[in-house]
Amino acid sequence: MTPAWAAELVARVCADASVAPPRLSWRSRAGAHSTGVARRHEGLIAVRAGADQLDQRLTLLHELAHWLSPPPRRGRRAVHHGRAFYAVAFDLYRRHGLDDADALRLESARYRSALPHAVALGIPGAVEALAAHRSTIRARPRRRWRVLVPEHRVVLERDGRWTVCAACRQRVVGINLARIRRARRPVRHVLMAAS
Ligand SMILES: [Zn+2]
Ligand SMILES: [Zn+2]
(Lines give C-alpha, C1' and ligand atoms only; values in the text may rest on other atoms or scores of the structure.)
(Ligands and ions follow the chains in the order given, each with its own letter.)
Protein backbone atom coordinates (compact mmCIF):
# COMPACT_ATOMS: atom_id res chain seq x y z
CA MET A 1 0.00 0.00 0.00
CA THR A 2 1.38 3.38 -1.01
CA PRO A 3 1.29 5.78 1.96
CA ALA A 4 -0.62 9.00 1.33
CA TRP A 5 2.41 11.22 2.02
CA ALA A 6 4.39 9.42 -0.71
CA ALA A 7 1.66 9.82 -3.33
CA GLU A 8 1.32 13.50 -2.37
CA LEU A 9 5.09 14.03 -2.57
CA VAL A 10 5.23 12.56 -6.10
CA ALA A 11 2.33 14.79 -7.21
CA ARG A 12 3.81 17.93 -5.62
CA VAL A 13 7.36 17.47 -6.91
CA CYS A 14 6.18 16.74 -10.45
CA ALA A 15 3.68 19.63 -10.44
CA ASP A 16 6.45 22.03 -9.29
CA ALA A 17 8.66 20.85 -12.14
CA SER A 18 5.82 20.72 -14.71
CA VAL A 19 6.61 17.10 -15.43
CA ALA A 20 4.10 14.25 -15.79
CA PRO A 21 4.23 12.12 -12.64
CA PRO A 22 5.33 8.47 -12.68
CA ARG A 23 3.26 5.65 -11.31
CA LEU A 24 4.50 4.73 -7.85
CA SER A 25 4.92 1.14 -6.76
CA TRP A 26 5.46 0.77 -3.01
CA ARG A 27 6.43 -2.37 -1.14
CA SER A 28 8.02 -3.07 2.21
CA ARG A 29 11.35 -4.66 2.88
CA ALA A 30 13.04 -5.88 6.04
CA GLY A 31 15.68 -3.64 7.60
CA ALA A 32 16.04 0.09 8.16
CA HIS A 33 17.03 1.27 4.70
CA SER A 34 14.94 1.62 1.58
CA THR A 35 15.84 0.95 -2.01
CA GLY A 36 14.35 2.45 -5.12
CA VAL A 37 14.49 2.50 -8.87
CA ALA A 38 13.16 4.88 -11.53
CA ARG A 39 12.19 3.26 -14.82
CA ARG A 40 11.61 6.08 -17.24
CA HIS A 41 10.48 3.95 -20.19
CA GLU A 42 7.92 2.19 -18.00
CA GLY A 43 6.74 5.44 -16.40
CA LEU A 44 7.39 3.95 -13.00
CA ILE A 45 9.16 4.61 -9.73
CA ALA A 46 9.38 1.59 -7.44
CA VAL A 47 10.31 1.88 -3.77
CA ARG A 48 10.94 -0.94 -1.35
CA ALA A 49 10.51 0.79 1.95
CA GLY A 50 12.51 -0.08 5.05
CA ALA A 51 11.58 0.99 8.57
CA ASP A 52 13.45 4.35 8.72
CA GLN A 53 10.92 7.00 7.69
CA LEU A 54 13.48 9.66 6.86
CA ASP A 55 15.29 7.18 4.64
CA GLN A 56 11.99 6.32 2.91
CA ARG A 57 11.52 9.99 2.09
CA LEU A 58 15.09 10.41 0.87
CA THR A 59 14.81 7.28 -1.28
CA LEU A 60 11.63 8.50 -2.95
CA LEU A 61 13.13 11.97 -3.53
CA HIS A 62 16.32 10.38 -4.94
CA GLU A 63 14.25 8.48 -7.51
CA LEU A 64 12.21 11.60 -8.25
CA ALA A 65 15.50 13.42 -8.91
CA HIS A 66 16.25 10.77 -11.54
CA TRP A 67 12.76 11.30 -12.91
CA LEU A 68 13.29 15.07 -13.21
CA SER A 69 16.87 14.89 -14.49
CA PRO A 70 17.03 15.35 -18.25
CA PRO A 71 17.66 12.08 -20.08
CA PRO A 72 21.22 11.87 -21.47
CA ARG A 73 21.68 13.30 -24.92
CA ARG A 74 22.24 10.88 -27.74
CA GLY A 75 25.83 9.78 -28.03
CA ARG A 76 26.73 11.00 -24.56
CA ARG A 77 27.62 8.65 -21.80
CA ALA A 78 25.00 8.92 -19.09
CA VAL A 79 26.43 9.87 -15.70
CA HIS A 80 23.87 8.33 -13.43
CA HIS A 81 24.93 10.03 -10.21
CA GLY A 82 26.86 13.02 -11.54
CA ARG A 83 26.91 16.71 -10.69
CA ALA A 84 23.74 17.49 -12.65
CA PHE A 85 21.84 14.73 -10.86
CA TYR A 86 22.96 15.87 -7.41
CA ALA A 87 22.05 19.49 -8.16
CA VAL A 88 18.47 18.28 -8.63
CA ALA A 89 18.57 15.77 -5.76
CA PHE A 90 19.96 18.03 -3.01
CA ASP A 91 17.52 20.75 -4.03
CA LEU A 92 14.61 18.31 -3.67
CA TYR A 93 15.90 17.04 -0.33
CA ARG A 94 16.07 20.58 1.04
CA ARG A 95 12.69 21.66 -0.29
CA HIS A 96 10.86 18.52 0.82
CA GLY A 97 11.66 17.97 4.43
CA LEU A 98 15.25 16.78 4.83
CA ASP A 99 17.77 19.06 6.46
CA ASP A 100 21.21 19.18 4.90
CA ALA A 101 22.85 17.08 7.62
CA ASP A 102 20.36 14.22 7.17
CA ALA A 103 20.54 14.45 3.40
CA LEU A 104 24.36 14.26 3.46
CA ARG A 105 24.37 11.42 5.95
CA LEU A 106 21.76 9.24 4.22
CA GLU A 107 22.85 9.95 0.65
CA SER A 108 26.56 9.38 1.31
CA ALA A 109 25.76 6.15 3.17
CA ARG A 110 24.60 4.71 -0.15
CA TYR A 111 26.78 6.66 -2.60
CA ARG A 112 30.04 7.98 -1.21
CA SER A 113 30.60 9.79 -4.48
CA ALA A 114 27.76 12.10 -3.38
CA LEU A 115 30.07 13.98 -0.99
CA PRO A 116 32.44 15.62 -3.52
CA HIS A 117 29.40 16.66 -5.55
CA ALA A 118 27.77 18.09 -2.43
CA VAL A 119 30.96 20.07 -1.74
CA ALA A 120 30.97 21.43 -5.28
CA LEU A 121 27.29 22.36 -4.95
CA GLY A 122 27.97 24.25 -1.73
CA ILE A 123 25.74 22.12 0.48
CA PRO A 124 26.34 23.32 4.08
CA GLY A 125 28.25 20.72 6.08
CA ALA A 126 29.53 18.89 3.01
CA VAL A 127 33.15 20.01 3.40
CA GLU A 128 33.20 18.73 6.97
CA ALA A 129 31.44 15.49 6.03
CA LEU A 130 33.95 14.82 3.26
CA ALA A 131 36.91 15.58 5.55
CA ALA A 132 35.48 13.30 8.25
CA HIS A 133 34.94 10.56 5.71
CA ARG A 134 38.52 10.84 4.42
CA SER A 135 40.01 10.71 7.90
CA THR A 136 37.93 7.60 8.68
CA ILE A 137 39.42 5.91 5.65
CA ARG A 138 42.93 6.86 6.74
CA ALA A 139 42.33 5.63 10.28
CA ARG A 140 40.97 2.27 9.18
CA PRO A 141 43.51 -0.39 10.10
CA ARG A 142 44.95 -2.35 7.24
CA ARG A 143 44.17 -6.02 7.20
CA ARG A 144 47.08 -8.11 8.30
CA TRP A 145 47.61 -11.39 6.58
CA ARG A 146 49.31 -14.26 8.23
CA VAL A 147 50.36 -17.60 6.92
CA LEU A 148 48.33 -20.45 8.31
CA VAL A 149 50.03 -23.22 6.33
CA PRO A 150 53.40 -22.51 4.69
CA GLU A 151 53.90 -23.02 1.01
CA HIS A 152 53.55 -26.61 -0.01
CA ARG A 153 52.89 -28.78 -2.98
CA VAL A 154 49.23 -29.56 -3.61
CA VAL A 155 48.44 -33.24 -3.36
CA LEU A 156 44.82 -33.94 -4.14
CA GLU A 157 42.95 -36.29 -1.90
CA ARG A 158 39.30 -37.25 -1.51
CA ASP A 159 37.51 -36.16 1.62
CA GLY A 160 33.93 -37.43 1.45
CA ARG A 161 32.21 -35.52 -1.36
CA TRP A 162 35.12 -33.13 -1.80
CA THR A 163 38.57 -33.07 -3.22
CA VAL A 164 40.99 -31.41 -0.81
CA CYS A 165 44.66 -30.56 -0.60
CA ALA A 166 46.25 -33.18 1.63
CA ALA A 167 48.62 -30.66 3.24
CA CYS A 168 46.26 -27.81 4.17
CA ARG A 169 42.82 -29.47 3.81
CA GLN A 170 41.51 -26.66 1.60
CA ARG A 171 38.77 -27.78 -0.73
CA VAL A 172 39.79 -27.64 -4.36
CA VAL A 173 36.87 -27.18 -6.73
CA GLY A 174 35.86 -26.08 -10.21
CA ILE A 175 38.44 -24.60 -12.54
CA ASN A 176 41.14 -24.81 -9.87
CA LEU A 177 40.62 -28.53 -9.61
CA ALA A 178 40.76 -28.90 -13.38
CA ARG A 179 43.89 -26.74 -13.54
CA ILE A 180 45.69 -28.75 -10.86
CA ARG A 181 44.75 -32.06 -12.48
CA ARG A 182 46.02 -30.84 -15.84
CA ALA A 183 49.22 -29.28 -14.55
CA ARG A 184 52.48 -30.87 -15.70
CA ARG A 185 54.46 -29.28 -12.89
CA PRO A 186 53.38 -29.46 -9.29
CA VAL A 187 51.04 -26.69 -8.18
CA ARG A 188 51.93 -24.97 -4.97
CA HIS A 189 49.69 -23.57 -2.29
CA VAL A 190 49.99 -21.29 0.65
CA LEU A 191 47.08 -20.82 3.01
CA MET A 192 46.66 -17.28 4.33
CA ALA A 193 44.13 -15.80 6.71
CA ALA A 194 43.26 -12.19 7.43
CA SER A 195 43.32 -11.14 11.05
ZN1 LIG B 1 20.18 6.79 -8.15
ZN1 LIG C 1 47.21 -26.93 0.32
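Keep in mind that this is a model prediction, so the values were computed, not measured.

### Focus on the overall build of the chain
A tally of helices and strands in the chain yields seven helices and seven strands. From first element to last, N terminus to C terminus, the chain shows the α and β order α-β-β-β-α-α-α-α-α-β-β-β-α-β. The C-alpha radius of gyration computed for the chain amounts to 25 Å, which surpasses the reference 16 Å derived for 195 residues by more than 25%, pointing to a less compact arrangement than a globule. Dimensions along the principal axes, computed over C-alpha positions, put the chain at roughly 70 × 40 × 40 Å.

### Focus on helix 1 (residues 4-16)
Every α-helical turn comprises 3.6 residues, leaving residues that sit three or four positions apart pointing alike. The terminal C-alpha atoms of helix 1, which comprises 13 residues, lie 18 Å apart, in line with the 18 Å expected from a rise of 1.5 Å per residue. At the exit of helix 1 stands Ser18, carrying a positive phi of roughly 55°.

### Side note on the sheet that holds strand 1 (residues 23-28)
Strand order across the open sheet formed by three strands is 1-3-2, with mixed pairing between neighbours. Looking at the sheet topology across the chains shown, the edges are occupied by strand 1 and strand 2 (35-39). Across the sheet, the mean angle from the axis of one strand to that of its neighbour is 10°, orientation sign disregarded. On the sheet, helix 2 (residues 53-68) packs against strand 2 and strand 3 (44-49) and is oriented at approximately 20° with respect to strand 2.

### Structural notes on the domain arrangement of the chain
Domain assignment breaks the chain into domain 1 (4-139) and domain 2 (145-194). Of note, the centres of domain 1 and domain 2, computed from C-alpha atoms alone, are 47 Å apart.

### Topic: the pairing of strand 2
As paired strands, strand 2 and strand 3 are joined by five bridges and run antiparallel to one another. Residue pairing for strand 3: Gly36 is matched across the bridge by Val47. Taken together, strand 2 and the strand that follows it, strand 3, pair antiparallel across an intervening segment of four residues, in which Gly43 is found at a positive phi of about 65°.

### Some thoughts on the packing of helix 2 against helix 4 (residues 100-110)
Two numbers describe how helix 2 lies on helix 4: the axes approach to 10 Å, and their chain directions differ by 80°. One element, helix 2, and the other, helix 4, form an angle in the roughly perpendicular class. Of the residues in helix 4, those touching helix 2 at Leu54, Asp55 and Leu58 are Asp102, Ala103, Leu106 and Glu107. The residue makeup of the contact of helix 2 with helix 4, split by class, is four nonpolar, no polar and three charged.

### Points about the environment of Gln53
Tracing the sequence through the fold places Gln53 in helix 2. Taking the C-beta count within 10 Å as the criterion, Gln53 has 12 such neighbours and is therefore assigned exposed. Remark: the alpha-carbon pair of Gln53 and Arg27, spanning 26 residues in sequence, is separated by 14 Å.

### Things to note about the environment of Arg169
Its location among the elements puts Arg169 in the loop between strand 6 (162-165) and helix 7 (174-182). Residue classification places Arg169 among the exposed residues on the basis of 12 C-beta atoms within 10 Å. For Arg169 and Ala194, which are 25 residues apart along the polypeptide, the C-alpha to C-alpha distance reads 18 Å.

### What to know about the packing of helix 2 against helix 3 (residues 83-95)
Close contact between helix 2 and helix 3 brings their axes to 9 Å; oriented N to C, the two are set at 135°. In terms of axis orientation, helix 2 runs oblique to helix 3. Taken as a pair, helix 2 and helix 3 cross one another with a handedness that is right-handed. Every residue of helix 3 that contacts helix 2 at Leu58, Leu61, His62, Leu64, Ala65 and Leu68 is listed here: Phe85, Val88, Ala89, Leu92 and Tyr93. Classifying every residue of the contact of helix 2 with helix 3 gives 10 nonpolar, one polar and no charged.

### Some details on the environment of Gly82
Position of Gly82 relative to the elements: it lies in the loop between helix 2 and helix 3. The spatial distance from the C-alpha of Gly82 to the C-alpha of Ala103 is 16 Å, given a sequence separation of 21 residues.

Parameters and conventions
- Residues numbered from 1 in each chain as written.
- Chains lettered and ligands numbered in written order.
- Predicted model: local features only at pLDDT ≥ 70, side-chain atom pairs only at ≥ 80, totals over all residues.
- Helix = DSSP H or I, 4+ residues; strand = E, 2+ residues; numbered from the N terminus.
- Rg over C-alpha atoms; globule rule 2.2 N^0.38 Å.
- Expected span 1.5 Å × (residues − 1).
- Pairing = 2+ DSSP bridges.
- Axes fitted to C-alpha atoms, helices over the stretch in contact; angles between N-to-C directions.
- Contact = placed C-beta atoms within 7 Å.
- Domains from an automatic or database assignment.
- Parallel < 35°, antiparallel > 145°, perpendicular 65-115°, else oblique.
- Nonpolar A, V, L, I, M, F, W, Y, C, P; charged D, E, K, R; others polar.
- Buried ≥ 20, exposed ≤ 12 C-beta atoms within 10 Å, placed from the backbone.
- Left-handed = near helix turned anticlockwise from the far one by under 90°.

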